[in-house]
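Results of the structural survey
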Amino acid sequence: MDNEEAFEYQTPPSFNRVITESKGSNPGLIVLLVVGGLLLLFLVGNYVMYMYAQKTLPPKKKKPVSKKKMKRERLKQGVSAPGE
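Within every chain, residues take consecutive numbers counted from 1 along the sequence as written. Only residues with pLDDT of at least 70 get local features here, since the model is predicted, and only at 80 or more are side-chain atom pairs given and counted; chain-wide, interface and lining totals rely on the full set of residues. Side-chain measures were taken over the full set of non-hydrogen atoms in the model, leaving aside hydrogen atoms and water.

A look at the overall build of the protein chain
For helices the rule is a DSSP run of H or I covering at least 4 residues; for strands it is a run of E covering at least 2, with both sets numbered from the N terminus onward. Looking only at helices and strands, the protein chain features four helices and zero strands. N-terminal to C-terminal, the α/β element order of the protein chain is α-α-α-α. Calculation of accessible area relied on Shrake-Rupley with a 1.4 Å probe; when residues are assessed, cover is drawn exclusively from the protein chains displayed. Carbon and sulfur atoms form 65% of the exposed surface of the protein chain, whose accessible area is close to 8,900 Å².

Thoughts on the confidence of the model for the protein chain
By definition, pLDDT measures how confident the predictor is in each residue, and it falls between 0 and 100. When the pLDDT values of the protein chain are averaged, the result is 80; 65% of them are 70 or greater. Element-level pLDDT for the protein chain is lowest in helix α2 (residues 13-21), with a mean of 57, against a maximum mean of 96 in helix α3 (residues 27-56).

Quick look at a nonpolar patch on the surface
A cluster of nonpolar residues, L40, V44, Y47, V48, Y50 and M51, forms a patch on the protein surface that exposes about 620 Å² of accessible area. Along the chain, the position of Y47 falls in helix α3. Grouping into patches uses exposed residues only, defined as over 30% relative accessible area, and leaves out salt-bridged ones; the cut-off is 9 Å for like charges and 5 Å for nonpolar side chains (Val, Leu, Ile, Met, Phe, Trp, Tyr). The salt bridge criterion pairs a side-chain nitrogen of Lys or Arg with a carboxyl oxygen of Asp or Glu, the two atoms within 4 Å.

Structural notes on helix α4 (residues 67-77)
Working definition: with a 1.4 Å probe on protein chains only, accessible area under 20% of the residue-type maximum means buried, over 50% means exposed, and in between means partly exposed. With zero of 11 residues buried, α4 is to be regarded as a mostly surface element. Downstream of α4 by a residue or two, G78 has a phi angle that is positive, lying close to 95 degrees.

What to know about a positive patch on the surface
Counted as positive: Lys and Arg. Counted as negative: Asp and Glu, with His and the chain ends omitted from the count. For the purpose of locating charges, the reference atoms are NZ of Lys, CZ of Arg, CG of Asp and CD of Glu. On the surface, a cluster of positive charge is contributed by K63, K68, K69, R72 and K76. In this fold, K63 is placed in the loop between α3 and α4. The exposure class assigned to K63 is exposed, which follows from its relative accessible area of 76%.

Thoughts on α3
Structurally, the α-helix is built with 3.6 residues per turn, so residues lying three or four positions apart point the same way. Expected helix span is given by 1.5 Å per residue-to-residue step, counting one fewer step than there are residues. Compared with the 44 Å implied by 1.5 Å per residue over 30 residues, the 43 Å span of α3 between its first and last C-alpha is a close match. In terms of burial, α3 is largely open, as just zero of its 30 residues are buried.

The structure is reproduced here in structure tokens:
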């Protein structure tokens with residue numbers, strides 16, 4: 001029983017080493033923050049440019065409908081094409 005009580009109050013050497021060596025900055029965390037920050041900046045920039053383009057650019061022009069298609073649509077509706 002004395003050995004168990006003595007064991008409870010001792011800390012393993014691995015815990016002591018982690019506590020004493022954690023004074024520096026973690027390079028993995030720095031890389032993660034930089035990459036995450038750049039990704040977030042990219043996404044926010046794209047959204048801002050999209051919103052700006054929606055406000056400033058004119059709407060897309062529709063393609064001109066060919067005469068053949070117009071004639072076909074009129075025949076479907078029952079209206080005769082002019083000149084026929």
